[in-house]
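An overview of the molecular structure
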Amino acid sequence: MRRIEHGVIAVLAAALAALSWVHWFRGGPVGEGPPGVAPKAEEAREETVAGGAPPSEPVGKAGMPAPATLGESEDERRARVYAEERRAEVAGAEQARFDALLDQARALIASGGLDALLWAPFPLQTGSGNDRDLMRLVAEFEGETDPARLWALAQRIRFHLTDPRGTLWTTDPAATVAMERMTREDADPLKRALALGSGGGGVARNRLLHDLDARVQAKAAGILPAPSGVKEGDAGPVADRYRELLGNPDAQVRTEAARGFGRWAFRDADVDALIEIARTDPSPGVRAAAAQSLGAGSSDRARKALSAIAADPTQPESVRAAARGQLEGAGVLPEGLLRD
């Protein structure tokens, strides 16, 4: 009888050992190997890295499923992977837009020097935008010294701050405050001027009146919006500064001043100064900008001057076309002036 009992015990022990080996080979928990056998270090490392993924599912290889994190279901893993891929796609698109702006800035410098960055029109841009991107761009702009990168960063910041995009558009007041501060405090006139494009009318008016660099003043003059709720006594100093800039030897400074002056030319003397520039400035570009600006007013004096410029055969076509365009917009252009 005792021999039979020993035989049964031996069979049971063998069966348990076999089950332990089978469990281990099927990928049981680390540390649960067959009796007397320690788990393999490499297998333990792979299982930890993969977060529980089977050894047959490579980790970190393109085109392969991302490993699940501890306690993550398959649906949760797929949602996480989609979100990560989407973030990478958005970041790549944002980088591509910035790189295109950087190429544009370098082309501007190559063709017209650093000042060309000041006078270049704001480029059309796309994107959704968010506060995180905005504050990153502002921080980069504040620490940047390369002119091309400054210009590219300024365009993206302006896009985030001034181009609404429905429910996707968000902005951080701290970004606006930071850009306004740089328009006043930065020692580099280029950075002050580029920062202006992201501020409001109050910032532009402040720089127009108080900046010591005529180029910064002119940049502010070109973007300063029409006055709203401004008393006549407050508008006078602004108009006076426009008239000062119209006498600047730099044609581009005069162009920017002429472009924005019409919105502030309420006094007869201001209208007369703009008319004189539209007729006689040495630069056709300045004359055309002045003619376009005259259309912002509604005075009979301005309309008569535009009619005379549009009919003047000694004026370049660009100047005459600017005058005609303003008259057409006001609905007062004689039919004969539409043809040369």
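Residues numbered from 1 in each chain as written. Predicted model: local features only at pLDDT ≥ 70, side-chain atom pairs only at ≥ 80, totals over all residues. Heavy atoms only, no water.

**Some thoughts on the overall build of the protein chain**
Regarding its fold elements, the protein chain presents 16 helices and zero strands. Pairs at least 24 apart in sequence give 57% of the contacts found in the protein chain among residues at least 6 apart. Summed over its atoms, the accessible surface of the protein chain is roughly 18,800 Å², and 56% of this surface lies on carbon and sulfur atoms. (Helix = DSSP H or I, 4+ residues; strand = E, 2+ residues; numbered from the N terminus. Contact = heavy atoms within 4.5 Å. Areas by Shrake-Rupley, 256 points an atom, 1.4 Å probe, with all protein chains shown as cover.)

**Observations regarding the nonpolar core**
In terms of nonpolar packing, the biggest core is built from 69 residues, with Val 138, Phe 141, Ile 157, Met 179, Leu 208, Tyr 242 and Leu 294 touching the most fellow members. If sequence neighbours within four positions are ignored, Val 138 has contacts with Ile 157, Ala 175, Ala 178, Met 179 and Met 182. (Core = buried A, V, L, I, M, F, W, Y, C linked by side-chain atoms within 4.5 Å. Buried < 20%, exposed > 50% of the residue type's maximum accessible area, 1.4 Å probe, protein only.)

**Looking at the pattern of salt bridges**
Going through the model one piece at a time under the given rule, you end up with 26 salt bridges. Arg 207 serves as the salt-bridge partner of Asp 211, at 3.2 Å between the closest nitrogen and oxygen. Salt-bridge contacts for Asp 270 lead to Arg 267; the nearest nitrogen and oxygen are separated by 2.8 Å. Overall, Asp 270 belongs to the buried group, its relative accessible area being 1%. Residue Arg 267 is classed as partly exposed on the basis of its relative accessible area, which comes to 30%. Sharing partners across several salt bridges, the network here consists of Arg 136, Glu 140, Glu 144 and Arg 149. (Salt bridge = Lys/Arg side-chain N within 4 Å of Asp/Glu carboxyl O.)

**A short note on helix α7 (residues 173-185)**
Taking 1.5 Å per residue as the helical rise, α7 with its 13 residues ought to reach 18 Å, and the 18 Å between its terminal C-alpha atoms agrees with that figure. Of all the positions in α7, only Ala 175, Ala 178, Met 179, Met 182 and Thr 183 are classed as buried. Seen end-on, α7 carries its buried residues on one side only, within an arc spanning 140 degrees. Of the exposed residues in α7, those oriented more than 90 degrees away from the buried face are Pro 173, Val 177 and Glu 185. (Expected span 1.5 Å × (residues − 1). Arc of directions from axis to C-beta.)

**Thoughts on the packing of aromatic side chains**
Applying the stated criterion across every chain yields a total of one aromatic pair. Pairing Tyr 242 with Phe 261 gives two aromatic rings, centres 5.3 Å apart and planes at 10 degrees, and the pair type is stacked. One end of the pair, Tyr 242, is in helix α11 (residues 232-245); the other, Phe 261, is in helix α12 (residues 251-261), and 19 residues separate them in sequence. Here Tyr 242 falls in the buried class, since its relative accessible area comes to 0%. Relative accessible area serves as the criterion here: at 0%, Phe 261 is assigned to the buried category. Directly above the aromatic system of Phe 122 lies the positively charged group of Arg 158, at a separation of 3.7 Å from the ring centroid. Across the ring face of Phe 122, the terminal group of Lys 219 is positioned such that the distance to the ring centre comes to 5.2 Å. (Phe/Tyr/Trp six-rings, centres within 6.5 Å; stacked < 30°, edge-to-face > 60°. Lys NZ or Arg CZ within 6 Å of the ring centre and 35° of its normal.)

**What to know about the confidence of the model for the protein chain**
Taken residue by residue, the protein chain gives an average pLDDT of 78. The fraction at 70 or more is 70%. In the predicted structure, residues 18-63 sits below a pLDDT of 50 and forms 30 contacts with residues beyond four places in sequence or in another chain. Per-residue pLDDT stays below 50 along residues 334-340; that stretch engages in ten contacts with residues further than four places along the chain or on separate chains. (pLDDT = per-residue confidence, 0-100.)

**Re the packing of α7 against helix α8 (residues 189-196)**
Taken N-terminus to C-terminus, the directions of α7 and α8 make an angle of 145 degrees; their axes are 8 Å apart at the nearest point. Note on packing geometry: the crossing formed by α7 with α8 is left-handed. Residues Met 179, Met 182, Thr 183 and Arg 184 of α7 form the contact with α8, whose participating residues are Lys 191, Arg 192, Ala 195 and Leu 196. (Axes fitted to C-alpha atoms, helices over the stretch in contact; angles between N-to-C directions. Left-handed = near helix turned anticlockwise from the far one by under 90°.)

**Side note on the environment of Arg 156**
As for its placement among the helices and strands, Arg 156 is situated in helix α6 (residues 147-162). Residue Arg 156 is classed as buried on the basis of its relative accessible area of 1%. It is 9.5 Å that separates the C-alpha atoms of Arg 156 and Val 138, two residues lying 18 residues apart in sequence. Sequence-distant contacts of Arg 156, defined by excluding residues within four places in its chain, comprise Glu 94, Arg 97, Phe 98, Leu 101, Gln 125, Thr 126 and Leu 137. At a separation of 2.9 Å, a polar atom in the side chain of Arg 156 contacts the side chain of Glu 94. (Polar contact = N/O pair within 3.5 Å; in protein donor to acceptor, adjacent residues only side chain to side chain.)

**With respect to helix α3 (residues 74-112)**
Over its 39 residues, α3 runs 57 Å from end to end, which matches the ideal 57 Å to within 8%, given 1.5 Å per residue. Here α3 has its buried residues at Arg 77, Val 81, Glu 94, Phe 98, Leu 101, Leu 102 and Ala 105.

**Looking at the side chain of Asp 281**
With respect to the element layout, Asp 281 can be found in the loop between α13 (268-280) and α14 (284-294). Among the residues examined, Asp 281 registers a relative accessible area of 4% and is labelled buried. In this structure the side chain of Asp 281 is engaged in a polar contact, spanning 2.8 Å, whose partner is the side chain of Arg 254. Discounting chain neighbours no more than four positions away, the residues touching Asp 281 are Arg 254, Glu 276, Val 286 and Arg 287.

**So, the packing of α12 against α14**
Interaxial distance between α12 and α14 falls to 7 Å at its minimum, and their mutual angle equals 10 degrees. The orientation of α12 with respect to α14, classified from their angle, is roughly parallel. Residue-level inspection shows Ala 251, Arg 254, Thr 255, Ala 258, Arg 259, Gly 260 and Phe 261 of α12 in contact with α14, the latter providing Gly 285, Val 286, Ala 289, Ala 290 and Ser 293. Of the residues contributing to the contact of α12 with α14, the split by class is six nonpolar, four polar and two charged. (Parallel < 35°, antiparallel > 145°, perpendicular 65-115°, else oblique. Nonpolar A, V, L, I, M, F, W, Y, C, P; charged D, E, K, R; others polar.)

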